[in-house]
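# Understanding the architecture of this molecule
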Amino acid sequence: MAKRLQAVRGMNDGLPETTAVWQHVEAVLRRLVSAYGYGEIRTPVVEDATLFIRSIGEVTDIVEKEIYLFNDRHGEALALRPEGTAGCVRAGIEHGLLYHQEQRLWHLGPMFRYERPQKGRYRQFHQFSVEVFGLTGPDIDAELMVMTARLWRELGIDQQVRLQLNSIGSSAARMAYRQALVAYLLPHQQQLDADSQRRLQSNPLRILDSKDQQVQALLAGAPRFSDYLDAASQQHLAALCHLLTELQIPYQLNERLVRGLDYYNQTVFEWVTDRLGAQSALCAGGRYDGLVEQLGGTSTPAIGFSIGLERLVLLLQQQPTLLPQPAPIDCYLIAAGQGSASAALQLSERIRTALPTLRIMTDCGGRDFKKQFKQADKVGARVALVLGEREIAQQQVIMKPLREQCGASKNDQQVVAQDQLIGHLQCWFKINTLNQETISE
Ligand code: HAM
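The sections below set out a description of the structure shown in this document. Just so it is clear, the structure is predicted and the values come from calculations on it, not from any experiment. (Residues numbered from 1 in each chain as written. Predicted model: local features only at pLDDT ≥ 70, side-chain atom pairs only at ≥ 80, totals over all residues. Heavy atoms only, no water.)

## Quick word on the pattern of salt bridges
Counted according to the given criterion, the structure contains 25 salt bridges. A salt bridge links Asp289 to Arg287, with the shortest nitrogen-to-oxygen separation between them at 2.7 Å. Each member of the pair Asp289 and Arg287 is classed as buried. The salt bridge partner of Glu349 is Arg352, with a shortest N-O separation of 2.8 Å. Note that Glu349 and Arg352 are positioned in helix H12 (residues 340-354) at a spacing of 3 residues, about one turn of the helix. By relative accessible area, Glu349 is classed as partly exposed at 45%. Residues joined by salt bridges that share partners form a network here, namely Asp61, Glu64, Lys65, Asp195, Arg198 and Arg199. (Salt bridge = Lys/Arg side-chain N within 4 Å of Asp/Glu carboxyl O. Buried < 20%, exposed > 50% of the residue type's maximum accessible area, 1.4 Å probe, protein only. Helix = DSSP H or I, 4+ residues; strand = E, 2+ residues; numbered from the N terminus.)

## Quick notes on the site of the ligand
Of all residues adjacent to the ligand, which total 25 residues, the nearest are Glu83, Arg113, Glu115, Glu131 and Tyr264. In this structure, Tyr122 approaches the ligand through a main-chain N or O atom, which is 2.9 Å from a nitrogen atom. In this structure, a nitrogen atom belonging to the ligand sits 2.6 Å away from a side-chain N or O atom of Tyr264. Contributing elements (two or more residues each) for the shell around the ligand: strand S6 (124-133), strand S10 (281-287) and strand S11 (302-308). In terms of residue count, the dominant contributor to the shell around the ligand is S10 (5 residues). Taken together, the residues that form the shell around the ligand break down as 11 nonpolar, 7 polar and 7 charged. (Near = heavy atom within 4 Å. Polar contact = N/O pair within 3.5 Å; in protein donor to acceptor, adjacent residues only side chain to side chain. Nonpolar A, V, L, I, M, F, W, Y, C, P; charged D, E, K, R; others polar.)

## Focus on the packing of helix H2 (residues 49-56) against helix H4 (residues 85-94)
For the pair H2 and H4, the least separation of the axes is 9 Å and the interaxial angle reads 110 degrees. The angle between H2 and H4 falls in the class roughly perpendicular. Within the contact between the two elements, H2 uses Leu51, Phe52 and Ser55 and H4 uses Ala86, Gly87 and Arg90. In terms of residue class, the contact of H2 with H4 is made up of 3 nonpolar, 2 polar and 1 charged. (Axes fitted to C-alpha atoms, helices over the stretch in contact; angles between N-to-C directions. Parallel < 35°, antiparallel > 145°, perpendicular 65-115°, else oblique. Contact = heavy atoms within 4.5 Å.)

## Quick word on empty space enclosed by the protein
Within this structure, the stated rule accounts for 1 cavity of 30 Å³ or more. Looking at the largest cavity, its volume works out to about 30 Å³. Every residue lining the largest cavity is listed: Val59, Thr60, Asp61, Glu64, Arg198, Arg199, Ser202, Asn203 and Arg206. Counting only elements with at least two residues in the lining of the largest cavity, the list comes to helix H3 (61-66) and helix H7 (194-202). If one sorts the elements of the lining of the largest cavity by residue count, H7 sits on top with 3 residues. (1 Å grid on protein atoms, 1.4 Å probe; cavity = no way out; pocket = protein on both sides within 12 Å on 5 of 7 lines; lining within 4 Å. Points joined across faces, edges and corners; volume = space filled by probe spheres on them.)

## A few points about the pairing of strand S7 (residues 162-167)
Summarising burial for S7: 5 of the 6 residues are buried, a large majority. In this structure, S7 lies alongside strand S9 (residues 265-272), joined through 6 bridges in antiparallel fashion. Within S9, the residue paired with Ser167 across the bridge is Thr267. Here S7 runs beside strand S8 (residues 252-253); their pairing, made up of 2 bridges, is parallel. Looking across to S8, one finds that Leu165 is bridged to Leu253. (Pairing = 2+ DSSP bridges.)

## Regarding the nonpolar core
Of all hydrophobic cores here, the largest spans 50 residues; its most connected members are Tyr38, Val130, Trp152, Trp271, Ile307 and Leu312. Broken down by element, this core gets its largest block of residues, 10 residues, from helix H5 (residues 139-155). In terms of nonpolar packing, the next biggest core, distinct from the first, is built from 43 residues, Ile41, Leu51, Ile56 and Tyr263 among them. (Core = buried A, V, L, I, M, F, W, Y, C linked by side-chain atoms within 4.5 Å.)

## Regarding the sheet that holds strand S12 (residues 331-335)
The 5 strands are arranged S13-S12-S14-S15-S16 in an open sheet whose pairing can be described as mixed. A single partner strand is all that each edge strand has here, and the edge strands are strand S13 (360-362) and strand S16 (414-417). Averaged over all pairs of adjacent strands, the angle between their axes in this sheet comes to 25 degrees, without regard to strand direction. Note: strand S14 (residues 383-387) against strand S15 (residues 396-401), 4 bridges, orientation antiparallel. The residue bridging Ala384 from the neighbouring strand is Lys400, located in S15. On the sheet, H12 packs against S12, S13, S14 and S15 and is oriented at approximately 170 degrees with respect to S13. Where helix H13 (residues 369-378) meets the sheet, its contacts fall on S12, S14 and S15, and the angle it forms with S12 comes to roughly 170 degrees.

## Topic: the sheet that holds strand S2 (residues 46-48)
Spatial ordering of the open sheet is given by S2-S4-S3, a layout of 3 strands whose pairing is antiparallel. The two strands at the open ends of the sheet, each matched to only one other strand, are S2 and strand S3 (68-71). Sheet twist, expressed as the average angle between the axes of neighbouring strands with direction ignored, equals 35 degrees. Two elements, S2 and strand S4 (residues 77-80), share 3 bridges in a ladder whose sense is antiparallel. Residue pairing for S4: Glu47 is matched across the bridge by Ala79. Contacts from H2 reach S2, S3 and S4 within the one sheet, and its direction differs from that of S2 by about 75 degrees.

## Points about unusual backbone geometry
Following Gly137, the chain continues to Pro138 via a peptide bond in cis, the omega torsion being 5 degrees. The backbone of His100 sits at a positive phi, close to 50 degrees, despite the residue not being glycine. Structurally, His100 can be placed in the loop between H4 and strand S5 (103-112). His100 sits in the exposed class, given a relative accessible area of 68%. Here Gln266, not a glycine, exhibits a phi torsion of approximately 45 degrees, which is positive. Locating Gln266 in the fold gives a position in strand S9. Residue Gln266 is classed as buried on the basis of its relative accessible area, which comes to 13%.

As C-alpha cells, this is what we get:
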C-alpha cells in the first residue's frame, strides 16, 4: 500500500465542525471593523525575504530561527510571511496609500513560523490584524483597545482576557536603557539561561520577558525602564492611560512587556488570558512610527495589532454555550422512480431561485425511499419534499414535516401542486417575502 501522506507538522486542517466556529469569529470580526470604518487590504503570502529581515529585525527569534526561507527557480530569496504588518506597509508604500494620508486597514490570513508546535502555537496559524497609518495617537491607540474590548464582549469572553500595556519609548531611550540593563546583567551572566545569555549580546531587552524563574528573580533588581522613558513617551502613555480610564477599559501597566519584533516604539500592548497555558497572548500590537520610513516611504506614524485566531477559537471552544448552533437543513428532497433525479434537481433549483435563504439538500445516489428518509433524519432536515412517479407525473410534491414545528406534527403530511410549493414553504418557514429573511422562531 502507498505511504499515507499527512499534513505538515504544525499545520492544521479545518474540518466542518471547527470551520463553523471560524466563520462565526470571522463574521463578528468583519462586522466589528466595518463598524469602525476600516477597509480590508490583502497582500501575498510570499514576499521578498529582505522585507521581513529589515522590518522585524535581524536578531529576533522570528528572523533567526522561525522564518520559512527559500529560493525560487531564479534564485530569488523569498519568505513565507511570518506576520502581516511588514507586507501591509510594503503594499501601502508601493500603491501610494500612505503618502500624507490617513489609512485604517485590516487584514486576515495565514502566517508561517517554524516554532515548536504545541497547543495554541503552530507553524501555520492565522492572524486578524488592524493597521492604522497617519495618526500619532494616543486617541487612536485607545480606539484600538476599545475596539478589541468590544470584540471580547461580543464573543462573550471579556471576563477571560486582560489588557497589559507598556511604553518602550523612543529609540534613544531604549538605547540608554539597553546599556544600563547590560551593565547590570553582565556580572550575573552565569545565572542567565542559554537564551538570555545569547540575547545579552544581540537583543538584551528581550531578556525582560524571559519565562525562566531565575532570570525573572534577577530582573527584580534590574534598572527600571520607566526611569529611562523620554518625556514625550511618558506624556503619550499618561494620556493613553487617562483615555482608557475614561472609557472604562481596565488595564495593567507591565514594564516587562517589550514584544518580539524590532519595529515597535512607544505604546505596546497585549491581551492575555490564563486559559491557554503557555500561549497566553491572544492579541498583541503597538506603535511602529519608524517602519514606513525604514521601508522606503515618507515618515508616517502607525499602530496596529494582531489577534491569533487559533487561540481565539480554542478559547471559545472551551465554552460550548458561546459556539454558534449549526444551521439546520430546511428541506430534504427525496425522490425515486423513473425520471426522479432530473425532477428532484429541477425542483430544488426552482426553490433556491425563489427562496435563496432556505437550505435545501437533494438526495443523490438513487437509493430507496427508506434510506433517503434515514439520511434526511441524519442531516437534521426539518421537512422532507417527496417525489414519487405519481407526483412527478401529476406535477405534485409531498411535504412531510420531520420535526414538530409551526404547529405541524410529523403526521401532517400534505400533497401540494409544485406551482404552489413556494407559497407553502414561505408560510411553513415564515419567510418574509420582502427581504427573503427567514424569521427565526
Ligand atoms: P506577534 O506578537 O508576533 O505580533 O503575533 C500576534 C499574535 O499572533 C500573538 O499574540 C498570537 O495570538 C498569534 N501568534 C503568534 N505566533 C503564533 C503561532 N506560532 N501560533 C499561533 N498563534 C500565533 C505580530 O505578528 C504583529 N504583526 C502584530 C502587529 C500588527 N503589530 C502591529 N500591527
